[in-house]
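# Summary of structural features
Here are the chains, one letter per residue:
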Amino acid sequence: MELAQVRLLVGDFAACYRFYADVLGLKPQSGATNGPYEKFSPATGSAGIALQDRAMMAGVLGELGDEARGHRSLVVLRVDDLDAYCTQITERGATLLHDPTPLTDRMRVAHLKDPEGNLVELQEWLLLRT
């Protein structure tokens, strides 16, 4: 078994596309800016995030026709320099929920939301401090 992707069901596909491509800087697979599907990948690594139009999937699974409520997902992206990346994405329109902060002695994080309210955690892994 292989994990192919994590897929987010979204209502405003175009806004989410712009967020993941233009704000976070992930590479779109096909350039389908209006959906109904697109996969995004970082410059390195094999993990991917995909967007799927919620209305399209509601045609397959009727229960998805209801509006999503609450936080159902947390997308996690690792970056080498959290401060620099946060500066870059705020210049491109991102709004951080808080500035970069230590989560543990091994990790610093910052959080933001995509246009659908999905939480995104940005992580910077630190060497163990002795």
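Structure report, in brief.

Parameters and conventions
Residues numbered from 1 in each chain as written. Predicted model: local features only at pLDDT ≥ 70, side-chain atom pairs only at ≥ 80, totals over all residues. Heavy atoms only, no water. Buried < 20%, exposed > 50% of the residue type's maximum accessible area, 1.4 Å probe, protein only. Helix = DSSP H or I, 4+ residues; strand = E, 2+ residues; numbered from the N terminus. Arc of directions from axis to C-beta. Contact = heavy atoms within 4.5 Å. Polar contact = N/O pair within 3.5 Å; in protein donor to acceptor, adjacent residues only side chain to side chain. Phe/Tyr/Trp six-rings, centres within 6.5 Å; stacked < 30°, edge-to-face > 60°. Pairing = 2+ DSSP bridges. Axes fitted to C-alpha atoms, helices over the stretch in contact; angles between N-to-C directions. Salt bridge = Lys/Arg side-chain N within 4 Å of Asp/Glu carboxyl O.

## Comments concerning helix H3 (residues 82-91)
Here H3 has its buried residues at Leu82, Tyr85, Cys86 and Ile89. Along the long axis of H3, the arc covered by the buried residues comes to 100°, so they all point the same way. In this structure, the buried residues of H3 make contact with helix H1 (13-23), strand E6 (96-104), strand E7 (107-113) and strand E8 (119-125). Where H3 begins, the side chain of Asp81 points an oxygen toward the backbone nitrogen of Asp83, at a separation of 3.3 Å. Taken from the residues just after H3, Gly93 is the one with a positive phi, measuring 115°.

## A look at the packing of aromatic side chains
On inspection of all chains with the given rule, the structure shows 3 aromatic pairs. On the basis of an interplanar angle of 65° and a centroid distance of 5.2 Å, the ring pair of Tyr17 and Phe40 is categorised as edge-to-face. Note that Tyr17 is positioned in helix H1 and Phe40 in strand E3 (residues 37-41), a separation of 23 residues in sequence. Both residues of the pair, Tyr17 and Phe40, count as buried. The interplanar angle of 40° and the centroid separation of 6.1 Å between the aromatic rings of Tyr20 and Phe40 together place this pair among those described as tilted. Within this pair, whereas Tyr20 is found in helix H1, its partner Phe40 is found in strand E3, the two being separated by 20 residues in sequence. Aromatic ring contacts, followed pair by pair, group Tyr17, Phe19, Tyr20 and Phe40 into a single cluster.

## Regarding unusual backbone geometry
Cis geometry marks the peptide bond from Gly35 to Pro36, where omega comes out at 15°. Along the chain, Pro36 turns up in the loop between strand E2 (27-28) and E3.

## Some points on the pairing of E3
Summarising the sheet, E2 and E3 pair through 2 bridges and their orientation is antiparallel. In the sheet register, Pro28 faces E3, and the bridge partner there is Phe40. Here 4 bridges tie E3 to strand E4 (residues 49-53), and the two strands are oriented antiparallel to one another. Counterpart to Lys39 in the pairing with E4 is Ala50.

## As for the side chain of Gln5
You can see Gln5 is positioned in the segment before strand E1 (6-10). When its relative accessible area of 18% is taken as the criterion, Gln5 is described as buried. Reaching out from Gln5, the side chain makes a polar contact with the side chain of Arg7 at a distance of 3.0 Å. There is a polar contact of 2.9 Å between the side chain of Gln5 and the side chain of Tyr37.

## Notes on the sheet that holds E7
Consider a sheet: its strands pair through backbone hydrogen bonds, and that pairing is either parallel or antiparallel. If you trace the 4 strands from one edge of the open sheet to the other, you get E5-E8-E7-E6, paired in mixed fashion. Lying at the two open borders of the sheet, with one neighbouring strand each, are strand E5 (74-78) and E6. The average undirected angle you get between the axes of adjacent strands in this sheet is 25°. Summarising the sheet, E6 and E7 pair through 5 bridges and their orientation is antiparallel.

## A few points about the pattern of salt bridges
Inspection of the entire model under this criterion finds 3 salt bridges. Between Asp80 and Arg78 there is a salt bridge; the shortest N-O distance is 4.0 Å. Given the relative accessible area of 69%, Asp80 is considered exposed. When the shortest N-O distance is used, the salt bridge between Glu124 and Arg108 registers 2.7 Å. Of the two residues, Glu124 is situated in strand E8 and Arg108 in strand E7; the sequence distance between them amounts to 16 residues.

All quantities given are derived from atomic positions and should not be read as evidence of function.
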